[in-house]
Amino acid sequence: MGPRPTLKSVAAAAGVSTAQVSYAFNRPDRLSAQARVRILEVARQLGYSGPNAAARSLRTGKAEAIGVLFTVGLSQAFKDPYLLAMLGGLAEITEQTGTGLVLIPLAAAGSGPDELRKSLDAVQRAVIDAAVVADNLTDEHPAVQVLRDRHIPMVRESINESGPFVAIDDRAAARELGSHLAGFGHQNVVFVVYSLHQQWTSVSLDDESHLTRYSRLRLAGLREGLGPRARVRVVSGGKNSPSPDAAGFFDQPDMPTAIAADSDVMATGVLKVLQQRGLRPGRDISVTGFDDIPSAATLGLTTIRQPIHEKGRLMGRLLLDPTYTEEQVVLPTHLVARSSTGPAPLVRNHRPEGTAPVTTEWQSENLDLEAYLKRIGHTGPLESDEKTLAALHRAHVASIPFENLDVILGRGIAVDLEHVQAKLVDRQRGGYCYEHGMLFGAVAERLGFQVTRILARVGDPAEIVRSRSHLVLRVATQEQQWLADVGFGSGLLTPLPFTSGAAQQQGVWQYELQQTPDNVWHLREFGKTIQTFAEELQYFVDVEAANFNTSTNPNSPFTHRPIVVRKDETSVRALRGRTYSIERPGQPTEQRELSDSEFTDLLRSDFAPTLTDAEISALVASLSPQKEAGHE
């Protein structure tokens, strides 16, 4: 085996200078295409693959590479959706400049001295021009000090005063998460963190100082958002996501009502544990994450969204783009509320043995959200925003009819969520305003909206004063409040902004809200008042009392004849006793009287297809003239 070929031996064999050989590999623009092809062919025959990169970097002082420091471990890094998204953003910039990436795993917080020494040696030896510190490392961290001693420029992922960073406000973001849980009544919360401790073991106050910096910041913010009365325990999720094999934690008598994980990866492991234990996220126990990685939406995970890809991209620009002048960037975050959070069962863990669990007043924690979504055919996003609220409202109105048939069948109406859900969702029946409002209010609360129940009067009190016999909802997103009303039969198709004078076209229908000087709201359709209400606090007992009066009072329009109504973007189709009508704005109402068979066919084909033959026969029998008396 002969001597290893060098730049000089290739130059001699090709009859050119060493500079021309170097140009052939590194600066092809300095040579003609013919000359470069000839030099590269000679190099190939001699087995020469190009100038030594390390020697070249020593001569030029440039490694043309950026180091990326992180603490999750190299094998875990390739599985971590957060780190992969950030590296994707960083690579978008490095590809434009031909800069390489060098991954440098660091020893995690709490590691032994040998592990720490090895990782610091790797930082010391790394052939890099700059560094991205992809963990919230403080100025005192040894790896940061090594980079400074080497005079290597760095950009960090944490807010600091001593150098460039691209970061989020972890504490403020977690504070918002804590406020969200507090709004659902959670006061017994476990915070699951990345830690070298054994999985599902408690982390003492002394050990909290050894947590990663981002975990400490998020823990502090979570406690602030929950408030001083909340109990927050810190539990180790281990180095990776919690294993279902370590689920004995949930056999403890003092179970939390919510688990907040310091990352979506950790939260995903928590959800797997809950699944193994037969516990339902958002109903039996609430779960939150942090980051909003792609799988979070699929899992229905409530989390904090941060722009991960953009964070990596801006880090790259800060180091490599001379036109980018920012040095300290704080990126926005916001809460994404999904189905994994819901109301906390009150004092669930401190009730006398043998007694039933106490639930929240509106019982939203008992909602089967998956069954409801299937009932209305909604497969879209489940975020607590305007778009999701409008989609659910429209799908609900289109799928679940307005009807009073159980009143006519002599069964009465129950408005607790258990009975409402069994009827409207499980048996796929319709209902009237209280049933619709109770169901949709529970859905909105389960998805993270703030919901207020309001009793309204139908019609204009200036003409006829009626009792408060209708239930509407005020639903708040982060940006705005909305009037939601899925139970009027001929009312809103989508929520209306809770703002005076906010006219809105919904299909061929036009609605607006107007607030009078005495703080009474008027809902108007084509300028005519169809409802009025004041923002007075209502309790479940108020809804129960209103329902009892509406479903039993002889003067109620719902106690005399079957009423079924369906509405879409162009018309209202109504069955009132034997009278079938179709109403379209600006056109004469179409109306006709039905025979028994026509009445039966209409119920079965459109209005109430899940009714049994016996129920339909009983409704037909109710159509006798004696039972048609009354008014609506």
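If you're wondering where the values come from, they're calculated on a predicted model, not measured in any experiment. (Residues numbered from 1 in each chain as written. Predicted model: local features only at pLDDT ≥ 70, side-chain atom pairs only at ≥ 80, totals over all residues. Heavy atoms only, no water.)

Moving on: the pairing of strand β16 (residues 481–484). Within a regular strand, side chains alternate between the sheet's two faces. Pairing analysis gives four bridges linking strand β15 (residues 468–476) to β16, with the strands arranged antiparallel. What sits directly across from leucine 473, in β16, is alanine 484. The antiparallel pairing of β15 with β16 creates a hairpin that spans four residues between the two strands. In terms of strand pairing, β16 meets strand β17 (residues 496–497) through two bridges, oriented antiparallel. Within β17, the position partnered with leucine 483 by the bridge is leucine 496. (Pairing = 2+ DSSP bridges. Helix = DSSP H or I, 4+ residues; strand = E, 2+ residues; numbered from the N terminus.)

Read across the open sheet, the four strands follow the order β7-β6-β8-β9; overall the sheet is parallel. What marks the edges here is a single partner per strand, and that holds for β7 (231–236) and β9 (286–288). Recorded for the sheet is a direction-independent mean angle of 20° between the axes of neighbouring strands. Bridge analysis of strand β6 (residues 188–193) against strand β8 (residues 258–261) gives four bridges, and the strand direction is parallel. Paired with valine 190 across the two strands is isoleucine 259, which belongs to β8. The sheet strands contacting helix α10 (residues 213–226) are β6, β7 and β8, and the helix crosses β6 at an angle near 170°. Strands β6, β8 and β9 of the sheet are contacted by helix α11 (residues 264–277), whose axis makes an angle of about 160° with β9. (Axes fitted to C-alpha atoms, helices over the stretch in contact; angles between N-to-C directions. Contact = heavy atoms within 4.5 Å.)

The end-to-end C-alpha separation of helix α3 (residues 33–46) is 20 Å, in line with the 20 Å expected for 14 residues at 1.5 Å each. All buried positions along α3 are accounted for by Ile39, Val42 and Ala43. All buried residues of α3 lie within an arc of 100° about the axis, which places them on one face of the element. The exposed set on the far side of α3, more than 90 degrees from its buried face, consists of Ala33, Gln34, Val37, Arg44 and Gln45. (Expected span 1.5 Å × (residues − 1). Buried < 20%, exposed > 50% of the residue type's maximum accessible area, 1.4 Å probe, protein only. Arc of directions from axis to C-beta.)

Glancing now at the nonpolar core. Counting residues in each nonpolar core, the largest one holds 63 residues, and the members touching the most others are Tyr372, Tyr434, Leu439, Leu483 and Phe533. If one sorts the elements of this core by residue count, helix α18 (residues 433–446) sits on top with eight residues. Setting aside residues up to four positions removed in sequence, tyrosine 434 forms contacts with Val415, Leu455, Arg468, Ser469, His470, Leu471, Val543, Ala546, Asn547 and Thr550. Counting 29 residues, the second-largest nonpolar core is a separate cluster that includes Phe70, Ala77, Leu90 and Val329. (Core = buried A, V, L, I, M, F, W, Y, C linked by side-chain atoms within 4.5 Å.)

The subject of this paragraph is the confidence of the model for the protein. A residue-level look at the protein finds 90% of positions with pLDDT of 70 or above and a mean pLDDT of 86. Ignoring residues within four places in sequence, the model shows residues 54–61, a span with pLDDT below 50, making six contacts including any to other chains. Ignoring residues within four places in sequence, the model shows residues 626–632, a span with pLDDT below 50, making 16 contacts including any to other chains. (pLDDT = per-residue confidence, 0-100.)

Neither face of strand β5 (residues 165–168) is exposed, since Phe165 and Ala167 on one face and Val166 and Ile168 on the opposite face are all buried. Looking at chain direction, β5 and strand β11 (residues 328–331) are connected through four bridges and run parallel. If you follow valine 166 over to β11, its bridge partner there is valine 329.

Each aromatic ring pair is described using two quantities: the centre-to-centre distance and the angle formed by the ring planes. The full count for this structure, using the stated rule, is eight aromatic pairs. On the basis of an interplanar angle of 85° and a centroid distance of 6.1 Å, the ring pair of tryptophan 362 and phenylalanine 540 is categorised as edge-to-face. Residue tryptophan 362 is located in the loop between β12 (334–336) and α14 (369–376), and its partner phenylalanine 540 is located in helix α19 (residues 540–552); the two are separated by 178 residues in the primary sequence. Grouping residues by exposure puts tryptophan 362 and phenylalanine 540 together as buried. (Phe/Tyr/Trp six-rings, centres within 6.5 Å; stacked < 30°, edge-to-face > 60°.)

With that settled, the discussion passes to the environment of alanine 35. Mapped onto the elements, alanine 35 comes out in helix α3. Note: C-alpha distance between alanine 35 and alanine 14 (21 residues apart in sequence) is 9.8 Å.

Further remarks concern the packing of helix α20 (residues 596–607) against helix α21 (residues 613–621). For any two helices packed against each other, the geometry comes down to the angle between their axes and how far apart the axes lie. One can describe the packing of α20 onto α21 by two numbers: an axis separation of 10 Å at closest approach and a directional angle of 135°. Compared by their axis directions, α20 and α21 come out oblique. For the pair α20 and α21, the sense of crossing is right-handed. Contacts between α20 and α21 pair Asp596, Phe599, Thr600, Leu603 and Arg604 from the former with Asp613, Ile616, Leu619 and Val620 from the latter. Here the residues of the contact of α20 with α21 sort into five nonpolar, one polar and three charged. (Parallel < 35°, antiparallel > 145°, perpendicular 65-115°, else oblique. Left-handed = near helix turned anticlockwise from the far one by under 90°. Nonpolar A, V, L, I, M, F, W, Y, C, P; charged D, E, K, R; others polar.)

One pass over the structure, following the stated rule, counts 28 salt bridges. Each of the salt bridges in this network shares a partner with another, and the network as a whole consists of Glu403, Asp406, Arg411, Lys423, Arg429, Glu435 and Glu615. (Salt bridge = Lys/Arg side-chain N within 4 Å of Asp/Glu carboxyl O.)

So, on to the side chain of threonine 579. By the secondary structure assignment, threonine 579 is in strand β24 (residues 579–583). Exposure remark for threonine 579: the relative accessible area of 18% places this residue in the buried category. A polar side-chain atom of threonine 579 sits 2.6 Å from a polar atom in the side chain of glutamate 593. Those residues in contact with threonine 579 that lie beyond four places of it in its chain are Ala574, Gln591, Arg592 and Glu593. (Polar contact = N/O pair within 3.5 Å; in protein donor to acceptor, adjacent residues only side chain to side chain.)

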